[in-house]
Amino acid sequence: MDEETEPPEQPEPPEQPEKPERPERPERSAAGSVVCARCGTTTEGDTVPVTWLSSVEDGRRLHFCESCARLHIRAIESRLDSLWW
């Protein structure tokens, strides 16, 4: 009864997904103002106005001016990527 037994096989740990890339900073023009990802409108300062919409798509942070956000509000609320609208 001195049989050697092998320890039970341990299951391999599940693969962990890669960490998502950190969202990029808002697109800025040469003057340091934020640019609308849809129409190219720029802000006067270096901060995003509270009336603008921010969205993260494919790991990138995009900003849309008030006019573009109002024009495409149904697509935005449906969570469609901006490429669709």
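Residues numbered from 1 in each chain as written. Predicted model: local features only at pLDDT ≥ 70, side-chain atom pairs only at ≥ 80, totals over all residues. Heavy atoms only, no water.

Caption draft 1: Representation of the environment of Thr-42 within the structure. Mapped onto the fold, Thr-42 is located in the segment before β1 (53-57). Note on Thr-42: relative accessible area 44%, which makes it partly exposed. Along the backbone, Thr-42 and Gly-32 are 10 residues apart, and their C-alpha atoms lie at a distance of 9.5 Å. Filtering out sequence-adjacent residues up to four positions away, Thr-42 remains in contact with Ser-33, Val-34, Val-35 and Trp-52. (Helix = DSSP H or I, 4+ residues; strand = E, 2+ residues; numbered from the N terminus. Buried < 20%, exposed > 50% of the residue type's maximum accessible area, 1.4 Å probe, protein only. Contact = heavy atoms within 4.5 Å.)

Caption draft 2: Region of interest: unusual backbone geometry. Here the phi dihedral of Asp-58 falls at roughly 55°; this positive angle occurs in a residue that is not glycine. Structurally, the position occupied by Asp-58 is in the loop between β1 and β2 (60-64). Residue class for Asp-58 comes out exposed when judged on its relative accessible area of 73%.

Caption draft 3: Region of interest: the state of the cysteines. Scanning all chains against the criterion turns up zero disulfides. Free cysteine: Cys-36, not disulfide-bonded; nearest cysteine sulfur from Cys-39 at 3.7 Å. Its relative accessible area of 3% is what places Cys-36 among the buried residues. Looking at the unpaired Cys-65, the closest cysteine sulfur is the one in Cys-68, lying at 3.6 Å. Residue class for Cys-65 comes out buried when judged on its relative accessible area of 5%. (Disulfide = S-S within 2.5 Å.)

Caption draft 4: Up close: the pairing of β1. One ladder, built from five bridges, connects β1 with β2; its direction is antiparallel. Of the residues in β2, the one forming a bridge with Ser-55 is Leu-62. Counting the residues in the hairpin turn of β1 and β2 gives two residues, including Asp-58, whose phi is positive at 55°. (Pairing = 2+ DSSP bridges.)

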